[in-house]
Amino acid sequence: MTIRLPDSKGGLRSYEPRPEPLAVTSGTPFTSRTVFSAAHVVADPFADTSPDSPAAVDWDATLAFRRHLWSHGLGVAEAMDTAQRGMGLDWAGAAELIRRSAAEAKAVGGRIACGVGTDQLTGPASLADVQAAYEEQLALVEASGAQAILMASRALAAVAKGPEDYLEVYGHLLRQASEPVVLHWLGPMFDPALAGYWGSADLDAATDTFLEVIAAHPDKVDGIKVSLLEAQREIDIRRRLPQGVRCYTGDDFNYPELIAGDDQGFSHALLGIFDPLGPLAAEAVRALDTGNAAGFRELLDPTVELSRHLFQTPTRFYKTGVVFLAWLAGHQSHFTMVGGLQSARSLPHFARAYELADGLGLFPDPKLAEERMKNLLALYGVTQ
């Protein structure tokens, strides 16, 4: 059987789907690396909403997907960029997501870390407002029993006058955090409002400020997540971290080499691409657990083409491809997103994502994925 897929030139081409999925097994958490998947949210397709409405979330399907990730040994990074934080999911929705997911993690023994930001601020803010917003969210995450991830703040980027303001805000938050946190540096390719974060558009100067924050409070920083899509910069930062502070790669372009590491160290992982790659990524890390670095790369290297496709410019719309693949894989019954973000990518983009994911064996039921892809094609006027 073949399926006709659109190409980028307005034509159609034939593709023969893979008959069987990649064989993977569930398992316990890993021993060689700490690995989080940033997880997406499942929208409620029956809610009468608009792109400007508060998010309507299908909580049962959303929590079921987290149980899927936990079953393969992955940790869940909750209420992050992948969950459409600030792109369809407001603070009220994120707070509910954190409470529900943290309770579910406790019930099933899953590892969870949750994003702490300032997205309840909807207008002009002062530095004190930013600090108070961070404090409110940090208190909620800590009360839920989850680890905190201090995310980059659009409000702080807008109000900060220079590096000293970042040092003040982050220093205050780290001093009051009850447990070590993860610091998150999200680049402007993911969110243009974060340009110039850490007080400078010069990445070398910004890196120095970032590391100054960590050096002042090493006991309060479990690790850092770097999402700049520059492998060498992450390696350089990783080598400058204080002893005991981990680097969690957020580089969805270069993650295999960064996780594998070199003779001077390696990165752990906190990745949006591990949402669709969950079982395969887990299989790869288990190979690394046994010392089989070649087997790890053999499994994970072929996934980079799919990741680079999903995260292509405009990178911030990668969530659309992530949810699309979750639908094809049978993790949800529909392809609807909060904020109407299912419209953010083109049909040729979806077709290529399907082809790449199918070639990797990511679909537990390849026939279901093929049928759903054909249904989507029919909606766009493509007949088979």
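So, here's what we can say about the structure. Please read these numbers as outputs of a predicted model, since none were measured by experiment. All chains use their own residue numbering, which begins from 1 and follows the written sequence. Residues qualify for local features only when their pLDDT is at least 70, as the model is predicted, and side-chain atom pairs are given and counted only at 80 or more; totals for whole chains, interfaces and linings, by contrast, use all residues. Only hydrogens and water are set aside when side-chain values are computed; all heavy atoms of the structure are taken into account.

### Looking at empty space enclosed by the protein
Moving on, step 1. Space inside and on the surface of the protein is sampled on a 1 Å grid over the protein atoms alone, with a cavity defined as a set of points where a 1.4 Å probe fits but cannot get out and a pocket as an open set with protein on both sides within 12 Å along at least 5 of 7 lines; lining residues have an atom within 4 Å of a point. Grid points are joined across faces, edges and corners, and a volume is the space filled by probe spheres set on the points. Under the counting rule described, the total for this entry stands at one cavity of 30 Å³ or more.
Moving on, step 2. Taken as a whole, the largest cavity encloses approximately 100 Å³ of empty space.
Moving on, step 3. Taken together, 16 residues make up the lining of the largest cavity; nearest its centre are D81, T82, K225, G272 and Y318.
Moving on, step 4. Broken down by secondary-structure element, the contributors of at least two residues to the lining of the largest cavity are β7 (181–186), β8 (221–227) and β10 (268–271). What counts as a helix is a DSSP run of H or I of at least four residues, what counts as a strand is a run of E of at least two, and both are numbered from the N terminus.

### Points about the packing of helix α12 (residues 318–328) against helix α13 (residues 347–360)
Moving on, step 1. Helix axes use the C-alpha atoms of the stretch in contact, all axes being lines fitted to C-alpha atoms, and the angles between their N-to-C directions lie in the range 0 to 180 degrees. Look at α12 against α13: their axes get within 10 Å of each other, and the N-to-C directions meet at 55°. Considering their axes alone, α12 and α13 lie oblique with respect to each other. The way α12 lies across α13 gives a crossing that is right-handed. Judged by residue contacts, T320, F324, L325 and L328 of α12 engage F350, A353, Y354 and A357 from α13.
Moving on, step 2. Residues belonging to the contact of α12 with α13 are distributed by class as follows: seven nonpolar, one polar and no charged. Orientation categories follow fixed angle ranges, with anything under 35 degrees roughly parallel, anything over 145 roughly antiparallel, 65 to 115 roughly perpendicular, and all other angles oblique. Here a crossing is called left-handed whenever its near helix is offset anticlockwise from the far helix by less than a right angle, and right-handed whenever the offset is clockwise. Note on contacts: a residue pair is in contact if any heavy atoms of the two residues lie within 4.5 Å. Ten residue types, Ala, Val, Leu, Ile, Met, Phe, Trp, Tyr, Cys and Pro, are classed as nonpolar, four, Asp, Glu, Lys and Arg, as charged, and the remainder, Gly among them, as polar.

### Let's talk about the pattern of salt bridges
Moving on, step 1. Salt bridge, as used here: a side-chain nitrogen of Lys or Arg that lies within 4 Å of a carboxyl oxygen of Asp or Glu. Across all of its chains, the model carries 19 salt bridges by this definition.
Moving on, step 2. The salt bridge partner of R13 is E355, with a shortest N-O separation of 2.6 Å. Of this pair, R13 sits in strand β2 (residues 12–15) while E355 sits in helix α13, and the two are 342 residues apart along the sequence.
Moving on, step 3. We call a residue buried when its accessible area falls under 20% of the maximum for its residue type, exposed when it is over 50%, and partly exposed in between, using a 1.4 Å probe and counting protein chains only. A relative accessible area of 26% means that R13 is categorised as partly exposed.
Moving on, step 4. Residue E78 pairs with R66 through a salt bridge whose shortest N-O separation is 2.4 Å. With E78 in strand β4 (residues 75–78) and R66 in helix α1 (residues 59–71), the pair connects residues that are 12 residues apart, well separated along the chain. Here the two residues E78 and R66 agree in accessibility, since each one is buried.
Moving on, step 5. Among the charged side chains, a network of salt bridges with common partners joins R13, E305, R352 and E355.

### Digging into unusual backbone geometry
Moving on, step 1. Between T313 and the following residue, P314, the backbone shows a cis peptide bond with an omega angle of -5°.
Moving on, step 2. Assignment of secondary structure puts P314 in the loop between α11 (304–310) and α12.
Moving on, step 3. One non-glycine residue with positive phi stands out, namely Q84, at about 65°.
Moving on, step 4. Along the polypeptide, Q84 turns up in the loop between β4 and α2 (91–108).
Moving on, step 5. Look at Q84 and you get buried, because its relative accessible area is 1%.
Moving on, step 6. In the Ramachandran plot, W198 falls in the positive-phi region, its phi being about 70° despite a non-glycine side chain.
Moving on, step 7. Within the secondary structure, W198 sits in the loop between β7 and α6 (203–216).

### Considering the layout of surface pockets
Moving on, step 1. Estimated volume of the largest pocket: approximately 510 Å³.
Moving on, step 2. As for the largest pocket, its lining consists of 26 residues, and the residues nearest its centre are R85, G86, D119, R154 and D191.
Moving on, step 3. When residues of the lining of the largest pocket are traced back to their parent elements, those giving at least two are α4 (154–159) and β7.
Moving on, step 4. Sort the elements by how many residues they give to the lining of the largest pocket and α4 lands first, with three residues.
Moving on, step 5. Residue composition of the lining of the largest pocket, grouped by class: 13 nonpolar, six polar and seven charged.

### Thoughts on the packing of α13 against helix α14 (residues 366–379)
Moving on, step 1. It is at 11 Å that the axes of α13 and α14 come closest, and there the two elements cross at 170°. One element, α13, and the other, α14, form an angle in the roughly antiparallel class. Contacts between α13 and α14 involve L347, F350, A351, Y354 and D358 from the former and P366, A369, E370, M373, L376 and L377 from the latter.
Moving on, step 2. Partitioning the contact of α13 with α14 into residue classes produces nine nonpolar, no polar and two charged.

Purely geometric stuff here, so don't read any function into it on its own.
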